[in-house]
There are 2 protein chains.
Amino acid sequence: MANPTPTPEIVDIHTHMYPPEYISLLSARDTIPLVRTFPSSPDPRLILLEAELPSLERALRDPAAPLPGRPLTKHFTSLPQKLSFMARHNITTSVLSLANPWLDFLPASEAGPIASQINASFESMCASSSSHSHPGQKLFFFGTPPLSAPAPTILASVTHLTTLPHCRGIILGTTGLGSGLDDPALLPILHALADSHLPVFLHPHYGLPNAVWGPRSAEYGHVLPLALGFPMETTIAVARMFLAGVFDAVPALRMVLAHSGGTLPFLAGRVESCVAHDEALAAAAASEKGEKRRRRTVWEVLREQVYLDAVVYSEVGLRAAVEASGVDRLMFGTDHPFFPPVGGQGDSEGEWESVRLNVEAVERALGKGSEEAGMIMGGNAVRVLRLFEE
Amino acid sequence: MANPTPTPEIVDIHTHMYPPEYISLLSARDTIPLVRTFPSSPDPRLILLEAELPSLERALRDPAAPLPGRPLTKHFTSLPQKLSFMARHNITTSVLSLANPWLDFLPASEAGPIASQINASFESMCASSSSHSHPGQKLFFFGTPPLSAPAPTILASVTHLTTLPHCRGIILGTTGLGSGLDDPALLPILHALADSHLPVFLHPHYGLPNAVWGPRSAEYGHVLPLALGFPMETTIAVARMFLAGVFDAVPALRMVLAHSGGTLPFLAGRVESCVAHDEALAAAAASEKGEKRRRRTVWEVLREQVYLDAVVYSEVGLRAAVEASGVDRLMFGTDHPFFPPVGGQGDSEGEWESVRLNVEAVERALGKGSEEAGMIMGGNAVRVLRLFEE
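In the annotation of an unreviewed UniProt entry, the entry for chain A reads Amidohydrolase-related domain-containing protein, and the organism field reads Staphylotrichum longicolle. Per UniProt, chain A has the following entry under Sequence similarities (unreviewed entry): "Belongs to the metallo-dependent hydrolases superfamily."

Have a look at this one:
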């Protein structure tokens, strides 16, 4: 992507970091998520997923077994590394977020104070970036609410996030307060986020139960839980919200769905048809008393309340996402620092193929240098996430 | 869809029936799949899915609870009804298949003889259709192999199916011999199917574990397991085959994926990227001895070995399927008799909205009456499934 002429603004809205406090937290743990060192590995290993448990257990028994999880490189933790990655990919602005599984695993009493530390750390990184070596780069972030804390603590955190000058929303997993995003107990939090104009970046972590990957899954590396489990988890979470009427109950809620909505653009038609043909839903609707509010369709939710990142790695997927949500609702992302180059594919200090695939998807679907490509590469994020203000 | 001028051939490759022997089988069972009568229902109820177990248990306890499963109407069992449905939707040829869960649940000793009966019943329906009241209609079928029987019985069934004049392939669920379609023990069966030029119509049934739908799933009718569980199951099954190298090992295997590939067209880019960026797969590839065969990409498999039905209920999904697989590889289907009109939406003897949605998706994506729409509505099926020969 070396480019001798000035490039337009490129905004990365899907880019993660683990600040030092978070790494300390993981290093002190015995169960996932955790960080652990192995004699055969120069970098500590970051082990996050349920699907990585079998390989963790093998590696603890057998020093010759493949290492579990992924190397915890400086790409996960270093702000200069983030800024260098941005420069190498012509990214002018990044909206950072804590990577999964956020603070989901914290005891109720610890979640509030730790969330405050983490959010302060992100605010400080964003505020300090101008003193680094790449002038013109800007950083914002999605905050992390302490979801395992009591509701008043969560609501106080949302209020506090609105006072942090570089915060532009929150990142949220699919479990919410523990029972999913269709949990009525989550509604006050979603109302608070909507009232505070903080969009919710919905991101997967838990995937699907290991059993669905079958007895040979150990031979397939991380592919099934990451390539399929993650987007399917996101799709299920949003569909549950839709069926529970959350989008209708909180009309000002704005959500940015990771990985171009998981699979929602492709499955939206099937969801609508299954709703329209469901005997039980039809009976429930017929028995409703009083004034009946029209249920909005999945398509309306996609075009009115949902934004999608453009992390889908193909022209086919990108075009479907644009057709489902609108070209004014997609926003480029990299998923850095996940998916670094492996093997002979290149240097982690050079261009990343995982980034190139997503740039090419936009260029092929909408035309390199076109106005529409520019919207997805940066313009939409500047508008939707108010990235011109500090 | 009333049309005063002659219509071109419309072929429905995704259309199910339960012959009488199968209904007898289900009516004698105490566990799913089963057929059961309830005093409050004119039709017996057909209860197939793990996700329908909680509502079955409620209905057995409480006569006022909503009825479980779906009504077993004559649409599931009657050949005249099938022919009438075809006539009302201008469908000239149908490729029938036994609906899920096929014969997966049979004891090993019973599977072979029952498969023979079922396949004979389908052959007989197809042969007799010309004597019915809608001249010009043709029927073919996908056979059902006895997968729970010993391998020689399964192989004998495949050989027998090649002798039935109206058989054009087989229908297969995702469990194969019990461990999934990436099971090496399935390879001889897949080789036999490929050598016999019998395409495999891959169809979901098992969905995902109930836990992923969350504590409120009873409020959402059948939507989550059908709209999401089914296509996700198909996607996982095909991805496991791909990662196990099954498509490379059996290059003559041809598969038709239900519901436009589940979610594969949308996720193919992510699958490819996750494979390319997987540390464990890269290490395994690097340690391989001898001549290394190039692994084909998901895109190559989609364009060379896979066909997709056009049962995706939206223009967005249909276009993604066409872009992923090619306009010469999609084939129209209805999923009849599932998704009949409910409530005030129309008469089950009139036009079905679930059919109209799929017809409109083709027309909107490719242009009503266009050559490409005609390929998907019938031309491809005639060519791929050899529907001109008897």
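After presenting the structure, the write-up continues.
*Asks:* Can you lay out the overall build of chain A for me, pointing to particular residues and giving the numbers?
*Replies:* A tally of regular secondary structure across chain A gives 14 helices and eleven strands. Against the globule reference of 21 Å for 390 residues, chain A gives a C-alpha radius of gyration of 21 Å, in line with a compact fold. Each principal axis of the C-alpha atoms in chain A carries an extent, and together these give about 65 × 55 × 40 Å. Considering chain A as a whole, with its 390 residues, one finds that 60% of them fall into the buried category. Sequence-distant contacts in chain A: of pairs separated by 6 or more residues, those separated by 24 or more amount to 74%.

*Asks:* Outline the interface of chain A and chain B, supporting the account with residue identities and numerical values.
*Replies:* One frequent convention defines the size of an interface as the accessible area lost when the parts assemble. The interface is formed by 71 residues belonging to chain A together with 71 residues belonging to chain B. Of the roughly 5900 Å² buried between chain A and chain B on both sides combined, carbon and sulfur atoms contribute 69%. Three residues stand out in chain A for area buried against chain B, namely A:Phe266, A:Arg270 and A:His277, and they jointly supply 16% of the buried area on that side. Our count for the chain A to chain B interface comes out at four salt bridges. There are 18 residue pairs in polar contact (both at pLDDT 80 or more) connecting chain A and chain B.

*Asks:* Got a sec to walk through the packing of helix 5 (residues 151-163) of chain B against helix 6 (residues 187-195) of chain B? Specific residues and values, please.
*Replies:* Residues and elements named next belong to chain B. Contact pair helix 5 / helix 6: the axes reach a minimum separation of 10 Å and the direction vectors enclose 10°. Taken together, the axes of helix 5 and helix 6 lie roughly parallel to each other. Where helix 5 approaches helix 6, its residues Ala151, Ile154, Leu155 and Val158 are matched on the opposing element by Pro188, Ile189, Ala192 and Leu193. Residue composition of the contact of helix 5 with helix 6, grouped by class: eight nonpolar, no polar and no charged.

*Asks:* Run through helix 3 (residues 79-88) of chain A, naming residues and quoting values.
*Replies:* Residues and elements named next belong to chain A. Judged by how many residues are buried, helix 3 sits mostly within the fold: seven of ten residues are covered. Along helix 3, the residues classified as buried are Leu79, Gln81, Lys82, Leu83, Ser84, Phe85 and Met86. Along its buried surface, helix 3 packs onto strand 1 (11-17), strand 5 (93-98), helix 4 (108-128), strand 6 (138-143) and helix 13 (353-366). The residue sitting at the N-terminus of helix 3 and contributing the capping side-chain oxygen is Ser78; that oxygen lies 2.9 Å from the backbone nitrogen of Gln81. Phi turns positive, to about 60°, at Asn90, one or two residues after helix 3.

*Asks:* I'd like a description of the sheet that holds strand 4 (residues 70-71) of chain B, backed by residues and values.
*Replies:* Residues and elements named next belong to chain B. Read across the sheet, three strands follow the order 2-3-4 without closing on themselves; strand pairing throughout is antiparallel. Where the open sheet ends on each side, the last strands, each with one partner, are strand 2 (34-36) and strand 4. Of the strand pairs in this sheet, strand 3 (residues 45-47) and strand 4 are connected by two bridges, and their pairing is antiparallel. Paired with Arg45 across the bridge in strand 4 is Pro71.

*Asks:* Tell me what's going on with the relation of the copies chain A and chain B, and back it up with residues and numbers.
*Replies:* Superposition of the two copies of the chain requires a rotation about an axis together with a shift along that axis. Its rotation angle being 180°, the transformation that places chain A on chain B also includes 0.0 Å of axial translation and leaves an RMSD of 0.0 Å. The symmetry that links the two subunits is that of a two-fold axis. A high fraction, 100%, of the interface residues of chain A reappear at the interface in chain B, so the copies pair face to face through one surface.

*Asks:* Account for the sheet that holds strand 10 (residues 306-309) of chain B, naming residues and giving values.
*Replies:* All names here are of chain B. Pairing is parallel across the open sheet formed by eight strands, whose spatial order is 1-5-6-7-8-9-10-11. At either end of the open sheet lies a strand with only one pairing partner, and these are strand 1 (11-17) and strand 11 (330-331). Here five bridges tie strand 1 to strand 5 (residues 93-98), and the two strands are oriented parallel to one another. Bridge pairing in strand 5 places Met17 opposite Leu98.

*Asks:* Before we move on, can you summarise empty space enclosed by the protein with the specific residues and values?
*Replies:* Residue and element names in this part refer to chain B. Under the defined criterion, the tally for this structure stands at five cavities of 30 Å³ or more. Taken as a whole, the largest cavity holds about 50 Å³ of empty space. Sorting the residues of the lining of the largest cavity by element identifies helix 7 (223-243), helix 9 (264-276) and helix 11 (298-304) as the ones contributing at least two each. In terms of residue count, helix 7 provides more of the lining of the largest cavity than any other element does, three residues in total. Grouping the amino acids of the lining of the largest cavity by side-chain chemistry returns eight nonpolar, no polar and no charged.

*Asks:* For the pairing of strand 7 (residues 167-172) of chain B, give the residues involved together with the corresponding values.
*Replies:* Residue and element names in this part refer to chain B. Burial runs high along strand 7: six of the six residues are buried. Note that strand 6 (residues 138-143) and strand 7 share two bridges and pair parallel. Residue pairing for strand 7: Gly143 is matched across the bridge by Ile170. Relative to strand 8 (residues 200-202), strand 7 runs parallel, the two being bridged by three bridges. Across the sheet, Ile171 pairs through a bridge with Phe201, a residue of strand 8. In this region the chain leaves strand 7, passes through helix 6 and returns to the parallel neighbour strand 8; the handedness of that crossover is right-handed.

*Asks:* Please provide a residue-by-residue account of the nonpolar core, values included.
*Replies:* A general tendency of soluble globular proteins is for nonpolar side chains to be buried together. A:Tyr18, A:Leu228, A:Leu318, B:Tyr18, B:Leu228 and B:Leu318 are the most contacted members of the largest nonpolar core, which totals 265 residues. Dropping the residues within four chain positions of it, B:Leu228 is found in contact with A:Thr235, A:Ile236, A:Ala239, A:Leu267, A:Val271, B:Trp213 and B:Val223.

*Asks:* For the pattern of salt bridges, give the residues involved together with the corresponding values.
*Replies:* Residue and element names in this part refer to chain A. Counted under the stated rule, the structure contains 24 salt bridges over all chains. The salt bridge involving Asp182 is made with Arg240; its shortest N-O contact spans 2.9 Å. Of this pair, Asp182 sits in the loop between strand 7 (167-172) and helix 6 (187-195) while Arg240 sits in helix 7 (residues 223-244); the two residues are 58 residues apart in sequence, bridging distant segments of the chain. The exposure class assigned to Arg240 is buried, which follows from its relative accessible area of 9%. It is possible to trace a salt-bridge network through shared partners that takes in Glu353, Arg356, Glu360 and Arg364.

*Asks:* Which residues make up the environment of B:Ser217, and what are the values?
*Replies:* All names here are of chain B. You can see Ser217 is positioned in the loop between strand 8 and helix 7. On the basis of relative accessibility, which here comes to 25%, the residue Ser217 falls in the partly exposed class. Taking the C-alpha atoms as reference points, Ser217 and Leu164, 53 residues apart in sequence, are found 43 Å from one another.

*Asks:* Outline helix 14 (residues 371-384) of chain A, listing residues and values.
*Replies:* Residue and element names in this part refer to chain A. A rise of 1.5 Å per residue sets the reference length of helix 14, with its 14 residues, at 20 Å; its end C-alpha atoms lie only 17 Å apart and thus fall more than 12% short of the reference. Taking the largest bend as the criterion, helix 14 deviates by roughly 50°, centred on Gly378. Within the span of helix 14, buried status applies to Ala373, Ile376, Met377, Gly378, Asn380, Ala381, Val382 and Val384.

*Asks:* Describe the packing of helix 13 of chain A against helix 14 of chain A, and please don't skip the residues or the numbers.
*Replies:* Residue and element names in this part refer to chain A. At a minimum axis distance of 8 Å, the contact between helix 13 and helix 14 shows a crossing angle of 155°. It follows that helix 13 is roughly antiparallel to helix 14 by the angle criterion. When you trace helix 13 past helix 14, the crossing you get is right-handed. Only Glu372, Ala373, Ile376 and Met377 of helix 14 make contact with helix 13, whose side of the interface consists of Val359, Val362 and Leu366.

Reading the values: rules and limits
Residues numbered from 1 in each chain as written. Chains lettered and ligands numbered in written order. Predicted model: local features only at pLDDT ≥ 70, side-chain atom pairs only at ≥ 80, totals over all residues. Heavy atoms only, no water. UniProt positions renumbered as here; feature names shortened; annotations may be inferred. Helix = DSSP H or I, 4+ residues; strand = E, 2+ residues; numbered from the N terminus. Rg over C-alpha atoms; globule rule 2.2 N^0.38 Å. Buried < 20%, exposed > 50% of the residue type's maximum accessible area, 1.4 Å probe, protein only. Contact = heavy atoms within 4.5 Å. Buried area = accessible area lost by both parts, 1.4 Å probe. Salt bridge = Lys/Arg side-chain N within 4 Å of Asp/Glu carboxyl O. Polar contact = N/O pair within 3.5 Å; in protein donor to acceptor, adjacent residues only side chain to side chain. Axes fitted to C-alpha atoms, helices over the stretch in contact; angles between N-to-C directions. Parallel < 35°, antiparallel > 145°, perpendicular 65-115°, else oblique. Nonpolar A, V, L, I, M, F, W, Y, C, P; charged D, E, K, R; others polar. Pairing = 2+ DSSP bridges. Least-squares fit on C-alpha atoms with pLDDT ≥ 70 in both. 1 Å grid on protein atoms, 1.4 Å probe; cavity = no way out; pocket = protein on both sides within 12 Å on 5 of 7 lines; lining within 4 Å. Points joined across faces, edges and corners; volume = space filled by probe spheres on them. Right-handed = clockwise from strand over helix to strand, strands pointing away. Core = buried A, V, L, I, M, F, W, Y, C linked by side-chain atoms within 4.5 Å. Expected span 1.5 Å × (residues − 1). Bend = angle between axes of the 7 residues up to and from the residue. Left-handed = near helix turned anticlockwise from the far one by under 90°.

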